[in-house]
Amino acid sequence: MNQKVIDALNAARMRELGAVSQYLEQHYELEDQMYGKLADRLKDIGIQEMKHAEAFAERILFLGGVPASKPDVVAQKGQSIAQMLQTDIGLEEAAILMYNDSAKLCRAEGDNASADLFEDILKQEEGHLDEFQNKADFVKDLGQAYLATLVE
Ligand SMILES: [Fe+2]
Ligand SMILES: [Fe+2]
């Protein structure tokens with residue numbers, strides 16, 4: 001059992017659980033404010049993060065470790081849409097840095113399958129980051145005209 005690899009997988013799992021709680025929080029809030037289209041998107045991304053959390057847990061169990069169950073951040077509440085997107089960009093950027101480092105660590109430790117898992121999930125986080133950045137740019141550049149397209 002390689003404790004360094006298991007610790008990296010568990011740090012990632014806690015990161016994912018943090019993202020799940022943040023995106024689902026935003027989902028409820030946006031749904032309540034009738035921004036249904038953005039709410040749906042946050043729910044879908046939250047579910048993707050949940051699958052990431054599970055994939056890390058499965059790998060941890062396979063390696064003989066114990067999956068962590070606590071998120072590593074407390075979800076922000078009551079943010080504006082612009083603030084939400086900045087929060088989300090920060091979460092994705094941090095995950096990308098962390099998973100790049102972790103993939104490297106796993107390869108150095110001779111665990112290529114764990115490294116592949118980090119790289120696979122990393123690519124999806126890059127997709128999330130790109131989406132949140134584009135949305136944040138639309139909010140900044142188009143303001144109300146863009147927000148109006150997210151309603152329903
Ligand atoms: Fe994720
Ligand atoms: Fe993500």
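Right, let's walk through the structure included here.

Reading the values: rules and limits
Residues numbered from 1 in each chain as written. Chains lettered and ligands numbered in written order. Predicted model: local features only at pLDDT ≥ 70, side-chain atom pairs only at ≥ 80, totals over all residues. Helix = DSSP H or I, 4+ residues; strand = E, 2+ residues; numbered from the N terminus. Buried ≥ 20, exposed ≤ 12 C-beta atoms within 10 Å, placed from the backbone. Contact = placed C-beta atoms within 7 Å. Core = buried A, V, L, I, M, F, W, Y, C linked by C-beta atoms within 7 Å. Axes fitted to C-alpha atoms, helices over the stretch in contact; angles between N-to-C directions. Parallel < 35°, antiparallel > 145°, perpendicular 65-115°, else oblique. Nonpolar A, V, L, I, M, F, W, Y, C, P; charged D, E, K, R; others polar. Expected span 1.5 Å × (residues − 1). Left-handed = near helix turned anticlockwise from the far one by under 90°.

In terms of helices and strands, the chain carries 5 helices and 0 strands. Across the chain, helices and strands are ordered from the amino to the carboxyl terminus as α-α-α-α-α. On the principal axes, the C-alpha backbone points of the chain span a range of 55 × 25 × 20 Å. Taken over 152 residues, the chain has a buried fraction of 35%. Residue pairs in contact within the chain that sit at least 24 positions apart in sequence constitute 76% of those at least 6 positions apart.

On to the nonpolar core, then. Ranked by internal contacts, the top residues of the largest apolar core, which has 29 residues, are Leu9, Leu38, Leu42, Phe56, Tyr99, Cys106 and Phe118. Those elements giving two or more residues to this core turn out to be α1 (3-32), α2 (36-62), α3 (81-108) and α4 (112-142). The element contributing the most residues to this core is α1, with 10 residues.

Attention now moves to the packing of α2 against α4. As a packed pair, α2 and α4 sit with axes 11 Å apart at the nearest point and diverge in direction by 170 degrees. For the element pair α2 / α4, the angle class is roughly antiparallel. Within the contact between the two elements, α2 uses Ile45, Gln48, His52, Ala55 and Arg59 and α4 uses Ser114, Leu117, Ile121, Gln124 and His128. The residue makeup of the contact of α2 with α4, split by class, is 4 nonpolar, 5 polar and 1 charged.

To continue, consider α2. Compared with an ideal rise of 1.5 Å per residue, which puts 27 residues at 39 Å, α2 spans 39 Å between its outermost C-alpha atoms and is within 8% of the ideal. All of the buried residues in α2 are Leu38, Ala39, Leu42, Ile45, Glu49, His52, Ala53, Phe56, Ala57, Arg59 and Ile60. Among the structural elements, α1, α3 and α4 are those in contact with the buried residues of α2.

Note on backbone geometry: most residues besides glycine have negative phi, and most peptide bonds are trans. Of note, the phi angle at Met34 is positive, near 70 degrees, even though the residue is not glycine. The exposed category is assigned to Met34, around which 11 C-beta atoms lie within 10 Å.

This next bit is on the packing of α1 against α3. Contact geometry for α1 and α3: axes closest at 10 Å, N-to-C directions at 165 degrees. Taken together, α1 and α3 sit at an angle that is classed as roughly antiparallel. At the point where α1 passes α3, the crossing takes the left-handed sense. From α1, Lys4, Val5, Ala8, Ala11, Ala12, Arg15, Ala19, Gln22 and Gln26 reach across to α3, where they touch Met84, Thr87, Leu91, Ala95, Met98, Tyr99, Ser102, Leu105 and Cys106. By residue class, the composition of the contact of α1 with α3 is 12 nonpolar, 4 polar and 2 charged.

All right, on to α4 then. Here α4 spans 44 Å end to end across 31 residues, near enough to the 45 Å set by a 1.5 Å rise per residue. Where α4 is concerned, the buried positions are Ser114, Ala115, Leu117, Phe118, Ile121, Glu125, His128, Phe132 and Lys135. Residues of α4 that are buried in the fold lie against α1, α2 and α3. Backbone geometry just after α4 places Gly143 at a positive phi near 55 degrees.

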